[in-house]
There are 2 protein chains.
Amino acid sequence: MTQPFAEPGARRTTRHPLDFARQLEERLVFTPGPTEVSPRVREAMALPVANSDLDPDFAELYRATCAGLQELLHTRSDVLILAGEGLLGLEAAIASLVEPGDRVLALANGLYGHGFADFARDYGAEVTVFEAPDRRPLDPDALRRFLRDQKPFKLATLVHCETPTGLTNPVDQILPVLHEHGILTVMDSVSAIAAEPLEADAWHADVVLGGSQKALSAPPGLAFLSVSPAAWEAMARRRTPIRGVYLNLRLWKDLWLDKGEFPYTPSTSDVYALYAAVAAALEEGEAARLARHQRLARAIRAAGEAAGLELYPAPQAAARSVTAWLIPDALRPREQAIRRFMWEEHGVLMAGSWGDAAGRIWRAGHMGENARPEKGERFVRALAATLHHFGWNLPGDPVEAYRAALAGEGPALTGEGGGRSS
Amino acid sequence: MTQPFAEPGARRTTRHPLDFARQLEERLVFTPGPTEVSPRVREAMALPVANSDLDPDFAELYRATCAGLQELLHTRSDVLILAGEGLLGLEAAIASLVEPGDRVLALANGLYGHGFADFARDYGAEVTVFEAPDRRPLDPDALRRFLRDQKPFKLATLVHCETPTGLTNPVDQILPVLHEHGILTVMDSVSAIAAEPLEADAWHADVVLGGSQKALSAPPGLAFLSVSPAAWEAMARRRTPIRGVYLNLRLWKDLWLDKGEFPYTPSTSDVYALYAAVAAALEEGEAARLARHQRLARAIRAAGEAAGLELYPAPQAAARSVTAWLIPDALRPREQAIRRFMWEEHGVLMAGSWGDAAGRIWRAGHMGENARPEKGERFVRALAATLHHFGWNLPGDPVEAYRAALAGEGPALTGEGGGRSS
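As the structure is a computational prediction, the values presented were derived from the model and not from experiment.

Caption draft 1: Representation of the interface of chain B and chain A. Contacts between chain B and chain A engage 77 residues on the former and 77 residues on the latter. Between chain B and chain A the total buried area reaches about 6900 Å² when both faces are included, carbon and sulfur atoms providing 64% of it. Across the contact surface, chain B and chain A share zero salt bridges. Taken together, the connections running from chain B to chain A amount to 14 residue pairs in polar contact (both at pLDDT 80 or more). Residue assignment for the side of chain B that touches chain A shows that the elements contributing at least two residues are helix H1 (19–23), helix H2 (39–45), helix H3 (56–73), helix H4 (86–97), helix H5 (111–122) and helix H11 (268–284) of chain B.

What follows is the structure, given as C-alpha cells:
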C-alpha cells in the first residue's frame with residue numbers, strides 16, 4: 001500500500017531475483033502484515049499441489065479451514081475463503097450487499113473506515129458518515145445519540161482495527177448498538193482477527209472480514225469472511241442482480257455452499273498455508289494468544305515511550321497488533337532514510353503509513369508470528385540504534401523499558417490495554 | 001469448476017487434513033490446470049515471505065516476472081500480475097474496458113467464449129455474438145464476411161484455447177481481422193500461454209489473459225494480463241469511472257506503473273512461484289517447449305484413439321495443452337465412478353468437464369509439467385486399465401500407440417497438429 005522507500009539493489013551483492021527472499025531468513029519483517037511466516041506454514045506452501053476443483057480431499061481441507069476460522073471468530077455463520085488480498089473481501093461484501101439507493105452508514109475514524117464509505121458510494125449507496133478524529137476511538141454513546149435522529153439504514157460498515165493508524169475501535173460496544181437499530185453490520189477485522197478479542201455472533205457482526213497475512217501470519221493472497229443468515233437474506237432480497245462473478249458472494253452460496261462446486265479454482269497452496277496458520281492459532285488457544293499480543297504490544301509501546309516517540313492513537317485505543325507513532329518533526333525529512341538504514345544496517349523492516357499518514361507515522365507490526373519476545377527485542381534494539389545514529393536524543397533506554405514491560409515490572413504506561421473492556 | 005466426484009475420505013486411512021497433499025507425491029494430477037507443480041516452483045513457495053508492499057527487492061522480482069511474461073507472450077505491452085484466479089483477469093479486463101452501451105463482439109465456440117459475452121452484458125455492453133459449434137474452430141473467413149455488414153465494435157472478446165472442450169482457435173488469423181476493423185481485442189489465453197504459439201504484438205492482441213496454474217504449472221492463485229497502449233487509452237477515454245478497486249486496471253496504471261505503489265498487497269509467495277515457473281519456461285526455450293507440448297498432445301490423442309475414445313474437437317483444432325474426448329454412451333452412467341476408480345486405484349486424476357459438457361467429456365491435461373513422456377505414459381496406462389476394468393472393449397493398445405506416437409513412428413492420426421498454421 002505504501003511506496004517502497006528505495007530503489008532496489010543498492011547493497012545487494014548477488015544477482016538472482018529470488019536471492020533476496022532467501023536472505024530474509026536473517027532479517028526481521030516487523031510490519032503490520034505481511035508479517036514473518038513460520039516454517040510450519042511455509043512448509044505447507046511447498047506441499048504437492050492438489051487440483052482444488054476436483055479433489056474431494058481439498059474440499060475437505062477447505063471446509064476444515066473455514067471451521068477453524070469460525071472458531072477463531074466465534075461465529076456459526078458461513079465462512080468463505082476467497083482467492084485474493086483482504087481488500088477483495090471488503091469490496092465483495094459491499095458489491096454483494098449494496099444496491100443503488102441503499103442507505104449505508106459508514107463509521108469512520110481512519111483510512112479504511114473512509115474507504116468503506118467510498119466503496120459503498122461506488123456501488124450506488126446513499127452514504128452517511130459517522131466519524132471521529134483518526135487518533136480517537138469511535139464512541140458508542142455518541143453513536144447511540146446520533147442514531148436517534150436518523151432514518152433507518154440498511155447496512156453499516158465499521159473497522160475493527162485501523163491498521164494505518166494502529167487504532168482499535170470498541171466494536172464490542174458499537175456492534176450491539178447497530179444491531180438494536182436493525183442495521184446489518186459489515187466489519188473489517190483484517191488486522192484484528194487472532195490478535196484482538198472478537199465475538200462475532202455475541203456482538204452481532206453480520207459480515208466479518210479477514211486476510212491471510214495479518215495476525216494469522218500466513219502469506220498474503222487470501223481474503224476470508226463470515227456471512228450471517230441475515231446477510232445472505234439481504235442478498236437474496238436484492239432488487240437487482242449482483243454484477244459479475246469475482247465479487248459476487250451469492251455465487252458462493254449457490255455453487256459452493258449448496259452444491260459443493262467452487263465458483264473458480266481456489267488457491268490450493270495458499271489454503272494449505274492458511275489451514276496450517278489457523279491450526280497453529282487454535283492450538284495455542286485464545287487466552288494465551290491474546291495475552292501474548294497484549295504483552296508484546298505493551299512492551300513495544302513502553303519501548304517507544306523510552307525512545308521518545310509519541311503514540312499516534314489515544315492510548316486506550318492502541319491496537320494489540322500494530323503500534324503507530326507520530327514521527328518527530330525533526331526526523332520527518334529523513335524518515336525514509338531512517339527506515340532504509342534500519343533495514344539495510346540492522347535487517348529490520350519498520351513500516352511507514354499511507355494516505356494522509358504517509359511520512360507522518362511509523363508502524364511496528366507485532367501481530368501473529370511477530371508477537372514473539374525475541375523478535376520484539378530485535379526490533380527495539382534496531383529502532384534505538386537507528387534513532388541514535390540519526391542524532392535523535394532518546395529520553396530513556398528502550399531495550400530496558402521493553403524488557404521491564406514484558407516482565408510486567410515497568411512503570412505505569414501512558415497507553416494500556418487492547419483498547420476495550422471486553 | 002466441476003463437481004468433485006466423490007465425498008472425501010472413503011479410502012483414507014490417515015486423519016490430518018494436510019496428509020492428502022503429502023500423498024500426492026505418489027499420484028498424478030493429469031488435469032488441465034491445476035497441473036503438477038515442479039519441486040523447483042514449490043520450493044520457491046516456501047521461501048521467507050517478504051513484505052510485498054515495502055520491500056524494493058520484491059518490486060524488482062515482480063517486474064522481472066512481468067518481463068518474463070512479456071517475453072513469453074511476445075509483447076511490449078505492460079504486463080500486470082493480479083492477486084486472484086485467472087477469472088479475475090477476465091472480469092477485470094471487461095470491467096475496466098466496457099461501459100454501458102458499448103458495442104462488444106463476443107467470438108464464442110465454447111463455455112469461456114459465451115462467458116465473456118455474459119461478462120460484457122453484465123457490464124452494460126450491447127453484445128453481438130459471432131459463434132461456431134463447440135467442436136469447430138472459429139473461421140477467420142466467416143468472421144471477415146460477418147464483419148462487412150456490422151456497425152463498428154469497440155471491443156471483441158475471444159478465447160485462444162477453450163479448456164472445457166480442448167479446442168484451440170486459429171487466433172493468429174482471427175486477431176488480425178479484428179485489428180483491420182479497428183476493434184480492440186481481449187483474448188483469454190489462460191490455457192494456451194506457454195503451450196501454444198502466441199505472438200501478442202504481431203497478431204494485434206490488445207489484452208492477453210493468463211493464469212498461474214495452466215501451462216506455466218505454478219499453483220493457482222494468480223491472474224496476469226498484458227495491456228496494450230490502445231487498451232490503456234480506451235480506459236482513459238471512458239465516459240464513466242471504473243467502479244471500485246479490485247477489478248480496476250486503471251489503478252494499476254496510476255499507482256503501480258506510474259508511481260511504483262501496488263493497489264493492494266501482492267501475493268508474495270505466489271509471485272515467487274510464478275517467477276520460478278516463468279524462468280523455467282524461458283530456460284527451456286520456446287521451440288523446445290512448444291514441440292514438447294505438441295509431441296505429448298499427439299501421443300495422448302493416439303492413445304485415446306487406440307482406446308476407442310472419440311476426440312471432442314475437430315482434429316485440426318485439438319489443443320496442445322488439453323485433450324477432450326466424448327465419453328462413450330455406454331460409459332456415461334458410470335463416468336464419475338470411472339474417474340474415481342482411476343484416482344483411487346491408479347492414483348491418476350483425469351478431469352470431467354462442466355456446463356453443458358459435464359458428464360459428456362473427459363479431459364487429460366498435458367500442459368506444463370504434465371507434458372512429460374513418463375507422466376503421459378502413466379496416464380495412458382491408468383486410462384487403459386480403468387476402461388478395461390469397466391468392461392470397455394479397447395480397439396487397440398493405448399500404451400503402444402502412445403509410445404509409437406512419441407517416437408514419431410505411429411500410424412497417421414485422425415487428429416494432428418496444434419490446430420494452427422502459424
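Back to the write-up after that little detour.
Caption draft 2: Looking closely at the sheet that holds strand S3 (residues 103–108) of chain A. All names here are of chain A. Strand order in the open sheet formed by seven strands is S2-S10-S9-S8-S5-S3-S4, and the pairing between neighbours is mixed. What marks the edges here is a single partner per strand, and that holds for strand S2 (78–83) and strand S4 (126–131). Across the sheet, the axes of successive neighbouring strands diverge by a mean angle of 20°, strand direction being ignored. In terms of strand pairing, S3 meets strand S5 (residues 155–159) through three bridges, oriented parallel. Counterpart to Val 104 in the pairing with S5 is Leu 155. Sheet strands in contact with helix H3 (residues 56–73) are S2, strand S9 (207–211) and strand S10 (222–227), and its direction is about 120° off that of S2.

Caption draft 3: The arrangement of the relation of the copies chain B and chain A in detail. Superposing chain B onto chain A takes a rotation of 180° plus a shift of 0.0 Å along the axis, which leaves an RMSD of 0.0 Å. Both copies of the chain, as the preceding transformation shows, are related through a two-fold rotation axis. When C-alpha distances to the rotation axis are compared across chain B, the minimum falls at B:Gly84, with a value of 2.3 Å. Both copies contact each other with a shared surface, as 100% of the interface residues of chain B are interface residues in chain A too.

Caption draft 4: The domain arrangement of chain A, seen in detail. Residues and elements named next belong to chain A. Each assigned domain of chain A is listed here: domain 1 (19–35 + 285–406) and domain 2 (40–282). Centre-to-centre separation of domain 1 and domain 2, based on C-alpha positions: 28 Å. Contact with domain 1, which involves 33 residues of that partner, is made by 29 residues of domain 2. Between domain 1 and domain 2 lies a buried interface of about 2400 Å² when both sides are counted; carbon and sulfur atoms form 50% of it. Considering only the surface of domain 1 that becomes buried against domain 2, Arg 289, Tyr 312 and Trp 354 emerge as the three largest contributors, covering 22% of it. Where domain 1 touches domain 2, the interface holds three salt bridges.

Caption draft 5: Seen up close, the UniProt feature "binding site: substrate" (unreviewed entry) in chain A. All names here are of chain A. Here the UniProt-annotated "binding site: substrate" (unreviewed entry) positions come out as Arg 363. Tracing the backbone shows Arg 363 in strand S14 (residues 361–365). If sequence neighbours within four positions are ignored, Arg 363 has contacts with Phe 30, Pro 32, Thr 163, Pro 164, Val 322, Thr 323, Ala 324, Met 350, Ala 351, Gly 352, Ser 353 and Trp 354. Here the side chain of Arg 363 touches Thr 163 through a polar contact of 3.0 Å, landing on its backbone oxygen.

Caption draft 6: Region of the structure containing the pairing of strand S8 (residues 184–188) of chain A. Residue and element names in this part refer to chain A. Of all the five residues making up S8, five are buried; the element is thus mostly covered by neighbouring parts of the structure. The alternating pattern of S8 places Leu 184, Val 186 and Asp 188 on one face and Thr 185 and Met 187 on the opposite face, and all of these are buried. Relative to S8, S5 runs parallel, the two being bridged by five bridges. If you follow Leu 158 over to S8, its bridge partner there is Met 187. By the bridge criterion, three bridges tie S8 to S9 in an arrangement that is parallel. When the bridges of S9 are listed, Asp 188 appears paired with Leu 209.

Caption draft 7: A look at the sheet that holds strand S11 (residues 310–311) of chain A. Residue and element names in this part refer to chain A. Here we have three strands laid out as an open sheet, ordered S11-S12-S14, and antiparallel in their pairing. At either end of the open sheet lies a strand with only one pairing partner, and these are S11 and S14. Summarising the sheet, S11 and strand S12 (residues 322–326) pair through two bridges and their orientation is antiparallel. Each bridged residue has a counterpart across the sheet, and for Leu 311 the counterpart in S12 is Trp 325. Together, S11, S12 and S14 form the strand contacts of helix H12 (residues 286–306), whose direction differs from that of S12 by roughly 15°.

Caption draft 8: Molecular detail of the packing of helix H9 (residues 229–236) of chain B against helix H10 (residues 249–259) of chain B. Residues and elements named next belong to chain B. Viewed as axis vectors pointing N to C, H9 and H10 meet at an angle of 105°, and their least axial separation amounts to 10 Å. On the basis of their axis angle, the class for H9 and H10 is roughly perpendicular. In contact with Trp 232, Met 235 and Ala 236 of H9, H10 contributes Leu 249, Arg 250, Lys 253 and Leu 257. In the contact of H9 with H10, the residues fall into five nonpolar, no polar and two charged.

Caption draft 9: Summary view of the pattern of salt bridges. Residues and elements named next belong to chain B. With the rule as written, the count across this model stands at 42 salt bridges over all chains. Between Glu 99 and Arg 239 there is a salt bridge; the shortest N-O distance is 3.9 Å. Separated by 140 residues along the polypeptide, Glu 99 in the loop between H4 and strand S3 (103–108) and Arg 239 in the loop between H9 and H10 bring together distant segments of the chain. For Glu 99, a relative accessible area of 2% gives the class buried. For Arg 239, a relative accessible area of 60% gives the class exposed.

Caption draft 10: Local environment of the side chain of A:Thr185. Residues and elements named next belong to chain A. Structurally, Thr 185 is set in strand S8. Polar side-chain contacts of Thr 185 include one of 2.9 Å to the backbone nitrogen of Asp 206. Apart from residues lying up to four places away in sequence, Thr 185 is in contact with Ala 156, Leu 158, Leu 175, Leu 178, His 204, Ala 205, Asp 206 and Val 207.

Caption draft 11: Fine view of the nonpolar core. In this structure, A:Tyr272 and B:Tyr272 are the most contacted members of the largest nonpolar core, which totals 224 residues. Other than its neighbours up to four places away in sequence, A:Tyr272 contacts A:Ala44, A:Leu47, A:Pro48, A:Val49, A:Ala50, A:Phe58, A:Leu61, B:Leu18, B:Phe20, B:Ala21 and B:Leu24. Core analysis: the second largest hydrophobic core is formed by 35 residues, B:Leu296, B:Phe379, B:Ala384 and B:Leu394 among them.

Caption draft 12: Broad picture of the environment of B:Ser353. Residue and element names in this part refer to chain B. Secondary-structure assignment places Ser 353 in the loop between strand S13 (348–349) and strand S14 (361–365). Since its relative accessible area comes to 5%, Ser 353 is described here as buried. Distance in space between the C-alpha atoms of Ser 353 and Arg 363 is 7.0 Å, their sequence separation being 10 residues. Reaching out from Ser 353, the side chain makes a polar contact with the backbone oxygen of Pro 164 at a distance of 2.8 Å.

The rules behind these values
Residues numbered from 1 in each chain as written. Chains lettered and ligands numbered in written order. Predicted model: local features only at pLDDT ≥ 70, side-chain atom pairs only at ≥ 80, totals over all residues. Heavy atoms only, no water. Contact = heavy atoms within 4.5 Å. Buried area = accessible area lost by both parts, 1.4 Å probe. Salt bridge = Lys/Arg side-chain N within 4 Å of Asp/Glu carboxyl O. Polar contact = N/O pair within 3.5 Å; in protein donor to acceptor, adjacent residues only side chain to side chain. Helix = DSSP H or I, 4+ residues; strand = E, 2+ residues; numbered from the N terminus. Pairing = 2+ DSSP bridges. Axes fitted to C-alpha atoms, helices over the stretch in contact; angles between N-to-C directions. Least-squares fit on C-alpha atoms with pLDDT ≥ 70 in both. Domains from an automatic or database assignment. UniProt positions renumbered as here; feature names shortened; annotations may be inferred. Buried < 20%, exposed > 50% of the residue type's maximum accessible area, 1.4 Å probe, protein only. Parallel < 35°, antiparallel > 145°, perpendicular 65-115°, else oblique. Nonpolar A, V, L, I, M, F, W, Y, C, P; charged D, E, K, R; others polar. Core = buried A, V, L, I, M, F, W, Y, C linked by side-chain atoms within 4.5 Å.

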